[in-house]
Structures are given as structure tokens and as C-alpha cells.
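# Understanding the architecture of this molecule
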Amino acid sequence: MYWLSLVGFAIIFVGLLLSIGLHEIGHLVPAKLFNVRVTQYMVGFGPTMWSSRRGETEYGLKWIPLGGYIRMIGMLPPRPSDDPNKLRSVSTGPWQGLIENARAVASEEIRPGDEDRVFYRKPWWQKTIIMFGGPAMNFVLAFALFAIVMMGFGVTVSKPTVSSVSKCVIPAVEAAKRDCRDTDPATPAAKAGLLPGDRITSIAGTPVTTWEDATHLIRAHGAGVAAIGIDRAGRSMTLTVNLISQDMPSLDDPAKVEKNVGFLGVSPTFVVERQGPGYVLGQMWDMTERTAVAMVNIPNKMVGVWQAAFSGEKRDPNGPIGIVGAGRIGGEIAASDIPVENKINIFITVLGGLNLAIGMFNLIPLLPLDGGHIAGGLWEGIKRAVARVRRRPMPAHVDVAKALPLTYVMAALLLVMGGLLIYADLVNPVRISG
């Protein structure tokens, strides 16, 4: 099914391009709303593939689909001697020539009458909104995509209804390797007479409404006698169970083992249920926290990508991937044997996760990322608020040109990271199947 792999690749690729395009619209709309002159709206980098001018803005596609941008005039403030507002901050040091050249290039786009349409002169809150608009668009897209999956298709959840009863107790380290033996003791559930279809309603007198409630109560109880309330075919019953203690994988981190937790020996029933907006928000919050942790660990993760690319080590499935790797995952999904509805569900989930990651990554407070400009706008707002409280003259606009050396270093690092990810995705891709 080679053609299915190409279709899957195309779906993810086009979905990413649309996400990038909408990210830039998130910048474009508030920029135009606040009367900043925008000369270009581009998806991609490098030579222009296609473009069309609408009013004062050129809209187009470029050949290298690794991002996008809008070009706003006056992103860098001029030298103090060139500006009637007399900015008091001037770049100095070995990077002086590079900084001043960048200022000169930026000033060439400013035409007579544009003095109040340059980005750097806008109020700090407007600059912050413009730069936050891109990541905000990705967050909205992520929520919409996750909502389609969780509210439309539904989510598999575990219910406190017994689907199966384990016949014997097998140590956790051996459970995946063998079946029951005649010498293995019976589980507490089997001894107590629990049956598939029994709905657990209470553990040791504490009401139970979810499988998670039951699991935590059983584990916390430890070894010993416990009364378990059940509903069997509409009839309420109470069974006396002699729980045993077992070493079990942690509920929070399966890689860790919890010692001597209570063990019953039943499995839950899994059903697919549609969720509400609150559930989507809660899941997005959890995913945002995990994504933030992943961002902090990017340097370490990139070491793993390097080793996978050049030493043949297995790629970390939870590590960073590039646009090529994301496309290959799309191809793998499309070529799999799972039902079409499940494929659609996974595609939407992957695109939602990618949008969340794009939004979070762009909030890193370093130029040239959006977060660097947001940090500059917020810093300017803080400085002006302090000056207002202390009845001092308003400070100058934040001079982001002074951060250009760091910006160029960051841009170079991003290019290296992007190139490494593309290479690793080609020679040693992340795979969703074994």
C-alpha cells in the first residue's frame, strides 16, 4: 500500500502547512488591526513559488516549507540620532556594524507617512498581542482538533465494571511472560466469587464511581479483609475479599514500581464515551504541562537524535521530530490495518499535538521566536508602569536590535536542529509500530 503511505504523508504535510499559515494569520490580523504596515505574508522560506499582491501586502508560498513569516515595517528601532523620539539605548561592541546594517535594512522599508505605522512605536500591549497572536492561533487549533476527537469520536475510558477475573496471582515481573500454573495461588477476586459484569460500587465502605477510584482505594488498602459492594444484574451485594499485597507498576509512572500495594485481580470494562469541553480543557492542560517539560529537555533530546542519526541507536518515540518525520508517521498511519475511523481519529490527534507543540515552542522567550518579542513587549510595559508609578519620564521603547547577536546564534541553532531532525527522520525515523 505504497500509495496509502503517500496519502498519509500528504495529509500531515498539508495539515502542517495550514497550521503554519494560520499561525501567521494570527500575527497578520492584529497587526493590520493596530495599523502596522505588513509588506509580506509568506508560508515557507527561500525562493518564492507563488505570490499575489492585495493592497499593500504580498501574499505567497515559498519553496522551503519549514515555517513562515509576516514582514512588518519597523521591527527594529533606528539609532537615536535618526529618531525624533531620541531612543536612549544604542548597541555597542563587536557586533555594532552588523546591528547598524540590520537597522539600515529595516529603515529602507519605511516610507513617508509610515512614522506611526512602524512596529516598534506601537504600545507595548499591542506589540505583545501581535506577537502572541501566532501561538494563540495554534492553541485554538489544537483545542478545536482535540475537541473533534474527544467530543465527536469519543475517548476510551475504563468503567468500574468487571470485564474479567484473573484466576491466579502471578508476580508482576513474570505476568507478561507466562500463564497461570497449578501452583499459583488464586486471586482474591476469584476466591470471593467476583464475576464478569459485576459493577463495583464501594470499597471498604467508600463509594466508587470510576475505575480510578476503585484502583486507588484497593491499592491504598493494602493486604487484609475488605468489604466490596457490587451491583450484579441490578441486585446490590457485598462481598468479603481478603486482599493481598503485590509490587505493581505505578499508576503515575509505569516505569516505577509501587511496593506492597493492595491487589484484587480484576480488569475494568472499556467503553468509548464522548466528552465535554471541560474534559478537553483538562486534557489540554495536562498535555501543555508535558509539552513544557519536553521543551526544557530539548537539548538532551537532541543528543539522542544525534546518536540515533549517526550511531544507529533507536529513536525515542517521545523525542522531537521534524516535518519529514511527522509526514512519515502519517504514512504509517494511513498504511496500517486499523479501521478508517480510527485513522481519521489519529490523524486529527497528531495534528492537534503538533499545533500544541508549535504554539509552545514559539513562546520560548528568545529571539527570533515570538516569545522573544513578547518578552520585549512585556518588559517595556513593566518599565513604563514603574516610571508611571514613580512619576518619571517614560523610558524609550525596548531596543530589540541589541539582542541581534543572540538572535543570529539562535537562528543558526534552529537551522542546525532542523537539518539534524530532517536527516534523522530520513535515516532512522520514529515509528509508531514495532
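Residues numbered from 1 in each chain as written. Predicted model: local features only at pLDDT ≥ 70, side-chain atom pairs only at ≥ 80, totals over all residues. Heavy atoms only, no water.

### Brief notes about the overall build of the protein
To keep it simple, the criterion reads: Helix and strand definitions here come from DSSP, where helices need a minimum of 4 consecutive H or I residues and strands a minimum of 2 consecutive E residues; each element is numbered from the N-terminal end. Radius of gyration here uses only the C-alpha atoms, and the compact-globule reference equals 2.2 Å multiplied by the residue count raised to the power 0.38. For every residue, the accessible area (1.4 Å probe, protein chains only) is compared with the maximum for its type, and the residue is labelled buried under 20%, exposed over 50%, or partly exposed between those bounds. Any two residues having at least one pair of non-hydrogen atoms within 4.5 Å are treated as being in contact. Values of accessible area rely on a 1.4 Å probe in the Shrake-Rupley scheme; residue burial ignores everything except the protein chains shown. Positive charges come from Lys and Arg alone, negative charges from Asp and Glu alone, with His and the N- and C-terminal ends not counted. To locate a charge, the coordinates of NZ of Lys, CZ of Arg, CG of Asp or CD of Glu are taken.
Each helix and strand in the protein was counted, giving eleven helices and nine strands. Scaling as 2.2 N^0.38, a compact globule of 434 residues should have a C-alpha radius of gyration of about 22 Å, whereas the protein reaches 29 Å, well beyond that. Along the three orthogonal principal directions, the C-alpha set of the protein runs to about 90 × 60 × 40 Å. The burial tally for the protein puts 43% of its 434 residues in the buried class. The contacts in the protein between residues at least 6 apart in sequence include a share of 67% that link residues at least 24 apart. Accessible surface, the protein: about 23400 Å² in total, of which carbon and sulfur atoms supply 63%. Averaging the locations of the 42 positively and 35 negatively charged side chains of the protein gives two centres separated by 6 Å.

### Some points on empty space enclosed by the protein
Filter applied, for reference: Definitions used throughout: a 1 Å grid over protein atoms alone; a cavity as a set of points that fits a 1.4 Å probe which cannot get out; a pocket as an open set with protein on both sides within 12 Å along at least five of seven lines; a lining residue as one with an atom within 4 Å of a point. Grid points are joined across faces, edges and corners, and a volume is the space filled by probe spheres set on the points. Classification convention: Asp, Glu, Lys, Arg as charged; Ala, Val, Leu, Ile, Met, Phe, Trp, Tyr, Cys, Pro as nonpolar; all other residues, Gly among them, as polar.
Summed over all chains, the structure comprises one cavity of 30 Å³ or more. For the largest cavity, the calculated volume is near 100 Å³. Residue lining of the largest cavity: M75, F119, Y120, K127, H373, G376, G377, E380, V398 and V400, and that is the complete set. Looking at the lining of the largest cavity, the element that brings in the most residues is helix α10 (residues 370–389), giving four residues. Looking at the lining of the largest cavity residue by residue, the class counts come to five nonpolar, three polar and two charged.

### Here we look at the packing of aromatic side chains
Defined as follows: Pairing of aromatic side chains here covers Phe, Tyr and the six-membered ring of Trp, requires ring centres within 6.5 Å, and sorts the geometry by plane angle: under 30 degrees stacked, over 60 edge-to-face, intermediate tilted.
Inspection of the entire model under this criterion finds six aromatic pairs. Each ring, one from F9 and one from F13, has its centre 6.1 Å from the other, and the planes form 15°; the classification is stacked. With a gap of four residues between them, F9 and F13 both fall in helix α1 (residues 2–33), about one helical turn apart. Residue classification places F13 among the partly exposed residues on the basis of a relative accessible area of 24%. With a centroid separation of 6.0 Å and an interplanar angle of 10°, the aromatic rings of F45 and Y69 are classed as stacked. Residue F45 is found in strand β1 (residues 38–54), and its partner Y69 is found in strand β2 (residues 57–72); the two are separated by 24 residues along the sequence. Relative accessible area serves as the criterion here: at 18%, Y69 is assigned to the buried category.

### Topic: helix α5 (residues 211–221)
So the rule is basically this: Summarising the geometry, the arc corresponds to the directions from the helix axis toward the C-beta atoms.
For α5, the complete set of buried residues consists of W211, A214, T215, I218 and R219. Within α5, the buried residues cover an arc of 120° as seen down the axis, which keeps them to one side. Contacts made by the buried residues of α5 are with β3 (155–165), β4 (199–203), β7 (235–249), β8 (257–263) and β9 (266–273).

### Thoughts on the confidence of the model for the protein
The condition that has to hold: Residue-level confidence of the predictor is summarised by pLDDT, bounded by 0 at the bottom and 100 at the top.
Summing up the model confidence of the protein, the mean pLDDT is 85 and the portion of residues at 70 or higher is 93%. Between the elements of the protein, mean pLDDT differs from a low of 74, seen in helix α2 (residues 96–108), to a high of 95, seen in helix α3 (residues 124–153). Across residues 84–91, confidence stays below pLDDT 50; counting only partners more than four residues off in sequence or on other chains, it has 24 contacts.

### Here's the deal with the side chain of K127
Among the secondary structure elements, K127 is positioned in helix α3. Using a relative accessible area of 6% as the deciding quantity, one classes K127 as buried. Sequence-distant contacts of K127, that is, excluding residues within four places in its chain, are made with F119, Y120, K122, E380 and H397.

### Regarding the packing of helix α8 (residues 323–335) against helix α9 (residues 340–362)
The condition that has to hold: Here, axes are lines fitted to C-alpha atoms. For helices the fit covers the stretch in contact, and angles between N-to-C directions go from 0 to 180 degrees. Angular relationships are summarised with four words: roughly parallel below 35 degrees, roughly antiparallel beyond 145, roughly perpendicular across 65 to 115, and oblique for the angles in between. Left-handed describes a crossing in which the near helix is turned anticlockwise from the far one by less than a right angle; the clockwise case is right-handed.
Where α8 meets α9, the axes come as close as 10 Å, and the angle between the chain directions of the two elements is 165°. In terms of orientation, α8 and α9 fall into the roughly antiparallel class. For the crossing formed where α8 meets α9, the hand is right-handed. Along its contact with α8, which presents A326, G330, I333 and A334, the element α9 presents K343, I346, F347, V350 and L354. Of the residues contributing to the contact of α8 with α9, the split by class is seven nonpolar, one polar and one charged.

### Comments concerning the environment of E313
Position of E313 among the secondary structure elements: in the loop between α7 (298–311) and α8. Counting along the chain gives 115 residues from E313 to N428, while the straight-line C-alpha distance between them is 8.5 Å. Leave out the neighbours within four places in its chain, and E313 touches Q307, A308 and N428.

### Here's the deal with the environment of L22
Secondary-structure assignment places L22 in helix α1. A relative accessible area of 30% means that L22 is categorised as partly exposed. As a C-alpha pair, L22 and L141 span 119 residues in sequence and 8.8 Å in three-dimensional space. Setting aside anything within four residues of it in sequence, one finds L22 in contact with Y41, M137 and L141.

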